[in-house]
Amino acid sequence: MPMPNRDPRTTPEYRRLVVLAAKDDAERQKAIRVTKVVTGDPSQRLVALTFDDGPHGEKTGDLLSVLRRLRVPSTFFVVGKMALRFPELIERIVLDGHELGNHTYNHYRLTQIPLTQVAGELNSTRDTLIGLVGSPTRLMRPPGGEYNEAIQKIIAREGYTNMLWTDDPADYKAGRTSEKITELVMRDITPGGIVLLHSGLPATIAAVPEIVSRLRTQGYTFVTCSELIQRGNGLLHLQNHSARISLTAAT
Ligand SMILES: [Zn+2]
């Protein structure tokens, strides 16, 4: 008699692998001492693809399949309330070798809510992710990239690293085609680059294979954000700041 089909997600072995993978990421992030990052090491051809705002159900599932086929590790800055809707995607992100980041719980612009609510927006997502995969993430990205000095202090005090970006093709703009997204990524790419993309957009998902292929042709290696930071540490302590990564605010 054939065995009944069982969802692998419900097996203890699957759960164990998710928890182990998330723990690995958390261990690596523990060593990160910087509280804000605007670029990786400009002397190394490393690049971090980042995907914000998800997870978005089927679309993020499609994106994960593309990234798996291409063997590209990435970083997903997820929204807490969305993570709760799609826990299976959070598990898959971790299991596929990607890294999770915190993109707040409600995706409010942090400059537009009372300062007293900023820590809660971050910590609710941290706690949600601990509930889903067993370990926290220290990386965060403010919605819209909006923050100010007071918000940055809270980000640092609460133990997060503010991950900004070098390369923004504005893939969320109405009418953006895959070709345009690819063109803009390639126009602005720099060694140590951090590329801002979004996880639920068909044009972005369709652009990823071409972006990956062109960057590989130019000698780039794909890394998660924490690997980018880790591998940049040796050089970037020379930057004129208490942190080890160069620190001008991204626009
Ligand atoms: Zn966002």
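For the structure, check the block above.
Residues numbered from 1 in each chain as written. Predicted model: local features only at pLDDT ≥ 70, side-chain atom pairs only at ≥ 80, totals over all residues. Heavy atoms only, no water.

1. With respect to the overall build of the protein
Quick reminder of the rule: Secondary structure follows DSSP: runs of H or I at least 4 residues long count as helices, runs of E at least 2 residues long count as strands, and numbering of each begins at the N terminus. Radius of gyration here is computed from C-alpha atoms only, and the compact-globule reference equals 2.2 Å multiplied by the residue count raised to the power 0.38. Exposure classes here rest on a 1.4 Å probe applied to the protein chains alone. A residue is buried below 20% of its type maximum, exposed above 50%, and partly exposed in between. Whether two residues are in contact is decided by their heavy atoms, any of which lying within 4.5 Å being enough. Surface accessibility in these figures is a Shrake-Rupley result with a 1.4 Å probe; residues are shielded only by whichever protein chains are displayed. Only four residue types enter the tally: Lys and Arg on the positive side, Asp and Glu on the negative side, with His and both chain ends excluded. A charged residue contributes its charge at one atom only: NZ of Lys, CZ of Arg, CG of Asp or CD of Glu.
A tally of helices and strands in the protein yields 9 helices and 8 strands. Computed over the C-alpha atoms, the radius of gyration of the protein is 18 Å, within 12% of the 18 Å expected from 2.2 N^0.38 for a compact globule of 251 residues. Overall, the protein is about 70 × 45 × 40 Å in size when its C-alpha atoms are taken along their principal axes. Evaluated residue by residue, the protein yields a buried proportion of 51% over its 251 residues. Sequence separation of 24 or more characterises 79% of the internal contacts of the protein that already satisfy a separation of 6 or more. For the protein, the accessible area works out to roughly 11700 Å², and carbon and sulfur atoms hold 52% of it. Side chains of the protein carry 31 positive and 27 negative charges; the gap between the two charge centres is 2 Å.

2. What about the pairing of strand β4 (residues 99–102)?
The test is simple: Only when DSSP finds a minimum of two bridges between them are two strands counted as paired.
Of the two faces of β4, the one holding E99 and G101 and the one holding L100 and N102 are both buried throughout. Pairing analysis gives 4 bridges linking strand β3 (residues 75–78) to β4, with the strands arranged parallel. From the neighbouring strand, V78 faces β4, where its bridge partner is N102.

3. Points about the layout of surface pockets
Unfilled space is identified by rolling a water-sized probe across the atoms. The condition is simple: Two kinds of site are reported from a 1 Å grid over the protein atoms alone, namely cavities, where a 1.4 Å probe fits but cannot get out, and pockets, open sets with protein on both sides within 12 Å along at least five of seven lines, and residues are called lining when an atom falls within 4 Å of a point. Grid points are joined across faces, edges and corners, and a volume is the space filled by probe spheres set on the points. For this scheme, ten residues count as nonpolar: Ala, Val, Leu, Ile, Met, Phe, Trp, Tyr, Cys and Pro. Four count as charged, namely Asp, Glu, Lys and Arg, and the remainder, Gly too, count as polar.
Of the voids in this model, the largest pocket is the one considered here, and its volume is about 200 Å³. Lining of the largest pocket is provided by 14 residues; of these, R109, G144, Y172, L196 and H198 occupy positions nearest its centre. For the lining of the largest pocket, the residue count by class is 5 nonpolar, 5 polar and 4 charged.

4. A look at the coordination of the zinc ion
The line we're drawing: Water is absent from the atoms considered, so a metal site may look incomplete; donors are defined as N, O and S atoms within 2.8 Å of the metal, or 3.2 Å for Na, K and Ca.
Protein-derived ligands of the zinc ion are D53 (OD), H103 (NE2) and H107 (NE2), with the metal-ligand distances lying across 2.0 to 2.1 Å. For the zinc ion, all donor residues lie on one chain, and their spacing in sequence is D-x49-H-x3-H. Of this pair, D53 sits in the loop between β2 (46–52) and α2 (58–70) while H107 sits in the loop between β4 and α5 (118–133), placing them 54 residues apart in sequence. Given a relative accessible area of 27%, H107 falls into the partly exposed group.

5. Quick word on the environment of K59
As for its position among the elements, K59 is in helix α2. The class of K59 is partly exposed, set by a relative accessible area of 34%. Between the alpha carbons of K59 and L201 there is a distance of 7.1 Å; along the sequence they are 142 residues apart. Those residues within four positions of K59 in sequence are excluded, and the remaining contacts are S199, G200, P202 and I205.

6. Here we look at the environment of I229
Along the chain, I229 falls in helix α9 (residues 225–236). Along the chain, I229 and D41 lie 188 residues apart, while their C-alpha atoms are 7.9 Å from each other.

7. Some points on the pattern of salt bridges
Under the convention used in this document: By definition, a salt bridge exists where a carboxyl oxygen of Asp or Glu is found within 4 Å of a side-chain nitrogen of Lys or Arg.
Overall, the coordinates contain 13 salt bridges when judged by the stated rule. The partner of E158 in a salt bridge is R157, with the nearest N and O atoms 2.9 Å apart. Here E158 falls in the partly exposed class, since its relative accessible area comes to 23%. Residue R157 is classed as exposed on the basis of its relative accessible area of 59%. Of the charged contacts in the structure, one is a salt bridge between D188 and R187, with a shortest N-O distance of 2.9 Å. Judged by relative accessible area, which is 60%, R187 ranks as exposed. Each of the salt bridges in this network shares a partner with another, and the network as a whole consists of R68, R92 and D96.

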